[in-house]
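A closer look at the structure
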Amino acid sequence: MKIKVNGELKLTAAKNLEELCRELGVTEARIATARNGEFVPAAARAKAGIAEGDAIEILSPRQGG
Amino acid sequence: MTAMPRSGELPLPQDEDALELYGESVHSRMLLGTALYSSPEIMRMAVEASGAGIVTVSLRRESGGDGSGQRFWDLVRNLGLRLLPNTAGCHTVKEAVTTAQMAREVFETDWVKLEVIANDDTLQPDVFGLVEAARILSGEGFKVFPYCTDDLSVAERLLTAGCEVLMPWAAPIGTGRGLINPYALRSLRAYFPKTPLIVDAGIGAPSHAAGAMELGFDAILLNTAVAKAKDPAIMAEAFAKSILAGRLAYRAGLMPQRDMASPSTPLAGLASFDMPDAS
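Quick caveat: nothing in here was measured; it's all calculated off a predicted structure.

So, how was this worked out
- Residues numbered from 1 in each chain as written.
- Chains lettered and ligands numbered in written order.
- Predicted model: local features only at pLDDT ≥ 70, side-chain atom pairs only at ≥ 80, totals over all residues.
- Heavy atoms only, no water.
- Helix = DSSP H or I, 4+ residues; strand = E, 2+ residues; numbered from the N terminus.
- Buried < 20%, exposed > 50% of the residue type's maximum accessible area, 1.4 Å probe, protein only.
- Contact = heavy atoms within 4.5 Å.
- Areas by Shrake-Rupley, 256 points an atom, 1.4 Å probe, with all protein chains shown as cover.
- Lys, Arg positive; Asp, Glu negative; His and termini not counted.
- Charge placed at Lys NZ, Arg CZ, Asp CG, Glu CD.
- Buried area = accessible area lost by both parts, 1.4 Å probe.
- Salt bridge = Lys/Arg side-chain N within 4 Å of Asp/Glu carboxyl O.

Okay, the overall build of chain B next. The number of helices and strands found in chain B is 9 helices and 10 strands. When its C-alpha atoms are laid out on the principal axes, chain B stretches across 100 × 45 × 35 Å. Each of the 279 residues in chain B was classed as buried or not, and the buried ones make up 48%. Looking at chain B alone, contacts between residues at least 24 apart form 67% of all its contacts between residues at least 6 apart. If you sum the accessible surface of chain B, you get close to 13800 Å²; carbon and sulfur atoms cover 54% of it. Averaging the coordinates of the 24 positive side-chain charges in chain B and doing the same for the 33 negative ones gives two points 2 Å apart.

What follows is the structure, encoded as structure tokens:
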């Protein structure tokens with residue numbers, strides 16, 4: 001199915017956010033996730049299903065002022 | 001032998017002039033941003049030279065597993081300082097709340113520098129969205145540090161929303177124009193004498209920082225003026241010393257200004273050099 005990850009179209013077979021993170025190779029990274037504008041805590045990723053057209057954001061630490 | 005204080009710390013018994021933020025004592029009144037430095041090493045040197053106890057950080061999109069997020073995390077964690085994640089770039093309540101929730105998980109802190117931006121040219125806070133986001137986040141247990149204007153009514157609403165600290169701007173972010181409305185800042189200090197007030201944004205020179213501290217502000221948060229200096233570490237030290245000087249001056253009590261000159265040397269006992277009377 002087609003979803004958006006960090007603003008870019010992506011084809012995925014992942015059924016939930018945890019599988020998507022594994023697919024993207026960021027499982028071990030220090031990240032936070034959101035689905036369709038809602039924060040999804042790390043502990044809830046396995047239960048956060050993914051559907052066609054979903055918008056996923058995966059953020060990590062950066063410099064800030 | 002008494003150890004010399006680090007830059008930014010008062011040369012006083014450690015707890016005598018500590019700043020309380022959400023129940024935590026902070027011994028430096030300088031908060032420093034981690035952005036815009038030419039390299040991570042220069043950022044680290046500037047932070048160390050500043051003596052800051054709190055640094056601001058942010059969240060951005062993970063860029064394809066290149067490890068930059070993890071490297072930055074390792075760098076700031078090794079600084080051993082309090083982290084204050086921001087919601088920079090958020091334009092809506094929803095964006096700011098979600099970003100704050102994500103930052104709490106990543107940075108393992110419920111402190112958040114709340115930014116809801118109204119206009120990309122001025123980076124002026126959307127004060128309506130800011131108050132609403134502050135209310136939501138305070139209700140979720142966040143310790144909110146709102147980047148706000150110097151408007152008294154906005155300040156009152158932020159306090160009612162649950163904020164215990166306010167961070168009014170001196171001037172728009174990144175302009176370096178200093179205290180563009182000292183009257184408003186002085187009013188804010190007078191109206192909220194017990195609320196920690198941190199001047200955030202627009203500080204361009206150490207003299208600006210000292211001026212804000214002389215008005216009685218509790219701390220200064222800055223980034224660009226240090227990061228974009230020719231030598232960020234030396235500028236960080238200059239700011240730390242100016243903030244300390246301004247704080248000491250405020251505590252010591254500035255003399256009132258006068259319109260007319262007044263001699264400092266006593267007039268009593270002034271010699272007379274008139275020629276003696278010949279008669």
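Let us keep going from here.
Glycine aside, residues mostly have negative phi angles, and peptide bonds mostly take the trans form. Residues and elements named next belong to chain B. Despite not being glycine, Y22 shows a phi value in the positive range, around 50°. Position of Y22 among the secondary structure elements: in the loop between β1 (19-21) and β2 (24-26). Of note, A201 is a non-glycine position whose phi angle comes to about 90°, a positive value. Structurally, A201 is set in the loop between β9 (198-200) and α7 (206-214).

This part covers the interface of chain B and chain A. In this assembly, 28 residues from chain B lie in contact with 25 residues from chain A. Where chain B abuts chain A, roughly 2300 Å² becomes buried across the two surfaces, and 54% of that area is made up of carbon and sulfur atoms. The tally of links between chain B and chain A comes to 4 salt bridges. Of the charged contacts, one joins E108 of chain B and R30 of chain A as a salt bridge, the two residues approaching to 3.2 Å between their closest N and O atoms. Looking at the side of chain B that touches chain A, the elements that each hand over two or more residues are β4 (54-61), α2 (68-79) and α3 (93-107) of chain B.

With that settled, consider the pattern of salt bridges. Residue and element names in this part refer to chain B. One pass over the full model with this rule turns up 18 salt bridges over all chains. Across the pair D17 and R29 runs a salt bridge whose closest N-O atoms are separated by 3.4 Å. Taken together, the residues span a long stretch of sequence, with D17 in the segment before β1 and R29 in the loop between β2 and β3 (30-33) at a distance of 12 residues. As a salt-bridge pair, R44 and E48 come within 2.9 Å of each other at their nearest N and O atoms. In this pair, R44 and E48 are both assigned in helix α1 (residues 40-50), 4 residues apart and thus about one turn of the helix distant. Among the residues examined, R44 registers a relative accessible area of 23% and is labelled partly exposed. What makes E48 partly exposed here is its relative accessible area of 46%. Here the salt bridges share partners, and the residues they tie into one network are D17, R29, R247 and R251.

Everything listed here is a matter of geometry and, on its own, says nothing about what the molecule does.
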